[in-house]
Amino acid sequence: MDLNGDDLSGDGLSGDDPVVAVGGCTQFTPPAGVRQVRAPAGIVAYEPAEMTVRVRAGTVVAELAEALAAHGQMAALDPAVPDAATVGGVLAAGESGLRRLRYGPVRDTLLEARFVSAEGRMVKAGGPVVKNVSGFDLCRLLVGSRGTLGVLAEVVVRLQPRPAVSRWLMGAADPFAVRRRLYRPSSVLWDGEITWVLLEGHPSDVSAEASALGRGFVDAVGPPPRPPHRWSMRPSALPALAASASAGLDGAFVAEVGVGTVHRDRPQPVRPVDPLHERVRALFDPGRRFAAA
Amino acid sequence: MDERLAADLVAVLDKRRVRVESLELALYARDASVIEGRAGVVVFPNSTDEVQAVVRVARAHGVPIVPRGSGTGLAGGSVPLDGAVVIVTTHMDRILEIDEEERVAWVQPGVLNLDLSRAVAHLGLHFAPDPSSQQSCTIGGNVANNSGGPHCLAYGVTSAHVLAVEVVLPDGSLTMLGGLDPDPPGYDLRGAFVGSEGTMGIATRIAVRLTPLPPAVRTMLADFPTVEGAAAAVSGIIAAGILPAALEMMDAEITRAVEAYVHAGFPTDAAAVLLVEVDGLPDGVDAATVQIDEVCRDHGARHVRVAADLAERALLWKGRKSAFGAIARIAPNYYLHDAVVPRTRLVEVLTKVYEIAERHSLVMMNVFHAGDGNLHPLIVFDRRVEGVMERVHAAGTEIIEACVAAGGVLSGEHGIGLEKRDFMHLIFSPDDLDAQARLREAFDPNGTCNPQKVLPAGARCGDLQRIPEGAWI
Amino acid sequence: MTFRLELDDDELSSCVSCGLCLPHCPTYRTTGDESASPRGRIAAMRAVQWAGAPADDSFTAFMERCVQCRACETACPSSVPFGRLMEGARAALLHPWWKRLAYRVVGSHRLLVLLSTVAALLQRAGVRLPGLPRLPLRQAPLHASGTDVYLFTGCVMDAWSRSTHAAVQRVLEAAGAGVALPGRGADCCGALSVHAGLSDHARQLAARTMRAFPGDAPILVDAAGCGAALKDYGHLLGTAEAEAFSARVLDVSEWLAARMDRLPAVEPSARFGPSVAVQDPCHLRHVQRAHEHVRTVLRPFADVIELDDEGMCCGAGGAYSVQQPELSTAIRDRKLSAVARSGAKVVASANPGCAFHLAGAGLDVRHPLEIVDEVLRGR
């Protein structure tokens with residue numbers, strides 16, 4: 001069942017049966033037998049001079065990106081499958097793309113969210129402007145909450161100017177030295193042997209930075225393919241990981257240098273959390289309507 | 001004052017760090033806002049353990065706690081009500097660890113914002129949030145208020161620079177929110193804590209991100225014959241696809257006051273000036289400088305001056321950051337607003353704001369983060385003039401209403417505190433406020449941590465918060 | 001024990017409590033106490049003057065903890081006249097007899113020299129006298145060499161460190177100036193009395209001092225605290241004559257900086273050996289705002305290193321180091337760390353109080369012109 005697309009009344013969630021919010025289902029498989037709810041789609045308001053966009057959460061990321069690109073702008077939402085992933089889905093999953101080193105985590109992108117609470121009420125968090133400390137920061141709480149606190153219906157996200165030039169390079173080099181040498185690269189990836197670098201910005205700056213990388217680097221068509229599972233590790237733990245991988249103790253990986261996201265061939269073990277997290281969930285969804293996604 | 005409470009606090013700290021004498025308590029009754037409360041006891045813990053001990057003692061006595069750093073807040077966030085225990089963090093002022101490779105520093109909450117940037121400058125790094133009070137304000141205070149500053153336009157506000165926070169929760173227990181890895185498990189409680197204005201616990205250790213200093217910086221001062229021209233240039237710059245590092249506006253009166261202090265060559269005959277900074281790699285900076293110059297001139301700028309060197313740049317920024325403090329040159333009191341409006345509506349809202357001040361016969365000036373649409377309408381007055389406070393509050397309410405009507409919000413960086421608490425209903429429905437109250441309840445079910453701040457009374461059903469009496473002066 | 005506070009209401013209301021002064025205040029930096037900050041002290045003054053709070057012992061303690069460095073004035077965007085407010089507040093405090101007596105001694109040069117000699121003898125006999133530097137037993141007298149400029153000799157400096165005056169005189173003479181010495185009566189500028197709030201006494205000393213400098217030659221001062229006080233006579237006495245007198249007063253570096261071409265040039269090999277950290281006396285930096293001249297004067301003769309503490313007070317504060325030894329030492333510790341970080345072996349200070357205070361912690365402290373003198377003499 002869909003949320004009511006026009007007035008965003010939240011009526012779609014009246015009742016008290018379990019529901020699961022779904023977007024493009026590119027990042028999880030919804031549990032069987034639970035009623036699925038989808039957010040409406042479409043751009044509600046886009047004024048380029050504002051560098052923000054108000055969009056229904058069910059909008060496919062690629063469609064949004066196309067509309068923004070027409071005005072030389074972009075949102076820092078970089079899902080693996082932009083043709084299927086929805087804006088709401090990316091925010092609810094909270095998983096950043098490869099350019100996090102430069103553009104920051106997904107949570108810094110969301111300015112306002114309208115979500116449907118477990119009680120079926122439409123609730124607004126944050127505001128439509130780029131800077132806002134009016135009240136508690138529910139937006140950051142919602143990003144990455146995987147639909148357990150509410151169902152995202154409509155959001156306002158922060159936009160960025162599109163860089164004039166984007167250029168991937170690759171070479172065999174110490175990725176940490178590479179990162180130190182460059183001023184704010186968009187991405188530095190490393191599989192233990194090869195380093196990939198994404199440079200973005202003014203054309204001549206990008207050329208200069210590319211030359212600074214040295215002759216060992218050549219242009220690449222794009223980032224390398226990544227193993228399917230994301231691990232969240234301290235950036236300083238990467239050398240040890242590489243060492244154990246090269247010793248054959250660990251499988252293949254592609255690490256986001258300076259960020260700590262590591263793409264690996266097996267899932268990260270579940271990490272414990274403080275009971276405080278459960279208290280938050282219980283207060284937002286006392287009846288456990290929202291299935292954990 | 002409760003003597004048993006004081007005695008129990010002395011037992012966990014020592015006599016010198018528990019203050020109960022009435023004149024000294026009076027000094028902690030307010031922050032940099034105009035709101036005054038009443039402190040019951042003021043304590044100075046030195047460590048996380050001591051903060052925990054103090055919180056537990058206060059809890060056992062049923063007395064609320066209020067964290068306080070340098071007391072430079074502008075919304076009454078650290079104003080104690082009803083004889084609360086004020087926990088001052090100024091003794092917890094050590095930089096604990098600097099990790100150059102990972103670009104992270106662990107600090108105690110009482111470290112001053114600028115001190116951290118100074119301490120890492122030799123590594124080519126800095127702490128990006130730069131509120132105007134950065135020389136005085138603490139990083140703990142920045143975390144509590146999710147502080148901004150001119151350069152947050154490009155670099156993001158405090159929340160974007162805080163990775164982890166060790167927090168003493170209102171029940172005295174200790175927890176770590178966030179982490180040094182990119183996606184700590186669970187909810188982003190770190191993000192929820194940042195900007196919670198001391199209502200969810202007390203930060204005792206903070207891991208902040210350090211940002212490389214840009215290789216090239218250009219600071220421009222554009223002067224305009226009309227406020228409208230300057231405001232339109234702001235929208236023009238953003239519309240041209242440029243995101244400057246900072247984009248600040250000062251109107252005529254404030255420019256004159258500031259120039260009298262810094263002598264930086266601010267044009268005292270301009271109706272408004274824009275202070276624009278671009279940074280990054282050199283060619284991009286040059287290109288943006290040319291573009292900004294053009295946009296400013298297209299909108300009627302008389303001159304666009306580029307700072308010749310670091311000293312000139314520093315002087316221009318010193319002028320901008322001294323603006324509020326320089327107000328006493330005009331009148332002894334000020335009431336500062338902090339609304340944010342969509343940047344395309346700056347011209348319209350500014351016009352309205354000046355008109356409101358004029359209607360109330362008040363002196364109004366504006367100095368603000370124009371690039372964010374973050375207005376700081378500033379009413380200056382002399383409290384000793386009969387009836388002036390009524391006019392100040394009436395005009396203030398109208399200004400907030402005008403900003404909200406334009407699609408704006410109540411505060412961009414100063415926080416809600418006590419000052420804007422009762423305006424929250426202007427932008428949030430009862431359901432919206434209820435959701436925020438739930439978050440707070442998860443952290444502080446008994447409501448003992450900086451109570452009565454941020455959320456208006458009755459934000460949760462059955463909520464029996466009462467309005468603090470005599471909080472306004 | 002209470003008293004009335006009668007500060008200027010406009011001056012008292014000119015602070016907007018923004019807190020920009022806080023990090024520049026040495027006692028706030030050291031204690032983290034609002035009561036030890038300029039903003040807090042003003043709030044306390046307001047509480048007493050406006051809100052009927054008792055002017056009790058804690059009020060007195062808050063006021064007495066101020067070093068009166070006036071760094072807050074430099075930091076204040078609204079230019080709150082904190083020094084005047086503090087002097088006004090101190091004037092209202094009740095002063096114990098022993099303090100009044102001490103200021104009388106300083107005001108009488110013969111008595112001061114006599115007591116200093118006694119103290120010097122006691123020191124030679126192995127008696128520890130806390131708060132005092134090692135005092136000289138005998139000092140060679142100074143002799144006038146002309147009438148181009150006056151050298152102000154003052155009280156403590158002349159009694160304890162006349163050799164500095166001699167060095168300054170030699171440098172002035174090297175710049176071609178004949179140096180005149182004050183007539184009788186210039187025993188003390190009155191700065192200590194002003195800071196203590198003993199303004200009547202200060203006015204007596206000021207009137208006496210002015211009579212000791214007839215004519216219109218510039219009055220050069222090699223003690224920053226005295227210079228600041230002499231420059232403020234116009235305000236202290238409120239007469240046209242005092243204004244005219246104050247206009248003649250210059251710090252000796254301020255005068256020399258405009259005449260550097262008159263000093264002989266030195267070969268690189270003849271420059272001062274160790275690098276020199278400049279310590280800015282508060283009354284040179286924040287009150288006279290003449291601290292840059294010290295660098296202008298020193299640079300041709302020595303490698304100058306800047307400290308990274310933005311000219312934070314050293315904690316000497318005239319009589320402060322004796323009256324608030326604990327805080328004074330804590331503030332000095334910050335300065336010592338800054339000097340240590342700089343790597344400098346010698347510290348240049350243009351104020352005797354600072355010099356004695358820092359030397360007391362084992363630093364090699366010289367007046368900037370002593371360094372210039374040493375280079376010129378060794379040429």
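This one's a predicted model, so the numbers in the text were calculated from it and none came from an experiment.

**A look at the domain arrangement of chain A**
Residue and element names in this part refer to chain A.
Now for step 1: Here chain A is described as being made up of domain 1 (11-162 + 274-284) and domain 2 (165-264).
Now for step 2: Contact residues are listed per partner, giving nine residues for domain 1 and 18 residues for domain 2.
Now for step 3: Across the interface of domain 1 and domain 2, roughly 1100 Å² is buried in total on both sides, 51% from carbon and sulfur atoms.
Now for step 4: Counting the surface domain 1 buries against domain 2, the share from its top three residues, Leu 98, Leu 101 and Arg 102, is 67%.
Now for step 5: Linking domain 1 to domain 2 there are two salt bridges.
Now for step 6: Two residues, Arg 230 and Glu 95, come together in a salt bridge whose shortest N-O distance is 3.9 Å.
Now for step 7: For the interface between domain 1 and domain 2, the tally reads five residue pairs in polar contact (both at pLDDT 80 or more).
Now for step 8: Broken down by class, the residue content of the side of domain 1 that touches domain 2 amounts to three nonpolar, two polar and four charged.

**Considerations on the interface of chain B and chain C**
Now for step 1: Opposite the 37 residues of chain B that make contact, chain C presents 39 residues.
Now for step 2: Applying the counting criterion to the chain B and chain C interface returns 18 residue pairs in polar contact (both at pLDDT 80 or more).
Now for step 3: At the level of elements, α2 (22-27) and α4 (113-120) of chain B are the ones that each hand at least two residues to the side of chain B that touches chain C.
Now for step 4: If one sorts the elements of the side of chain B that touches chain C by residue count, α2 of chain B sits on top with three residues.
Now for step 5: Of the residues belonging to the side of chain B that touches chain C, the class tally is 13 nonpolar, 12 polar and 12 charged.

**Section: the sheet that holds strand β10 (residues 202-209) of chain B**
All names here are of chain B.
Now for step 1: Pairing within the open sheet is antiparallel, and its five strands lie in the order β5-β6-β10-β8-β9. Lying at the two open borders of the sheet, with one neighbouring strand each, are β5 (95-99) and β9 (174-178). Ignoring which end each strand starts from, the neighbouring axes of this sheet average 15 degrees apart.
Now for step 2: Summarising the sheet, strand β8 (residues 162-168) and β10 pair through six bridges and their orientation is antiparallel. Looking at β10, one finds that Val 165 is bridged to Ile 206.
Now for step 3: Across the sheet, α4 is in contact with β5, β6 (104-107) and β10; its angle to β5 comes to roughly 40 degrees.

**What about the side chain of Ser 37 of chain C?**
All names here are of chain C.
Now for step 1: The residue Ser 37 is located in the loop between α2 (26-31) and α3 (38-51) in this model.
Now for step 2: Here Glu 34 takes part through its backbone oxygen, which lies 2.7 Å from a polar atom of the side chain of Ser 37.
Now for step 3: Of the polar contacts made by the side chain of Ser 37, one reaches the backbone nitrogen of Gly 40; its length is 2.9 Å.
Now for step 4: In this view, Ser 37 contacts Leu 22, Cys 25 and Tyr 28; residues no more than four positions away in its chain are not counted.

**Structural notes on the arrangement of the chains**
Now for step 1: Here two pairs of chains make contact, and the pair sharing the most contacts is chains A and B.
Now for step 2: No part of chain A reaches chain C; the closest C-alpha pair between them is 20 Å apart.

The rules behind each value
- Residues numbered from 1 in each chain as written.
- Chains lettered and ligands numbered in written order.
- Predicted model: local features only at pLDDT ≥ 70, side-chain atom pairs only at ≥ 80, totals over all residues.
- Heavy atoms only, no water.
- Domains from an automatic or database assignment.
- Contact = heavy atoms within 4.5 Å.
- Buried area = accessible area lost by both parts, 1.4 Å probe.
- Salt bridge = Lys/Arg side-chain N within 4 Å of Asp/Glu carboxyl O.
- Polar contact = N/O pair within 3.5 Å; in protein donor to acceptor, adjacent residues only side chain to side chain.
- Nonpolar A, V, L, I, M, F, W, Y, C, P; charged D, E, K, R; others polar.
- Helix = DSSP H or I, 4+ residues; strand = E, 2+ residues; numbered from the N terminus.
- Pairing = 2+ DSSP bridges.
- Axes fitted to C-alpha atoms, helices over the stretch in contact; angles between N-to-C directions.

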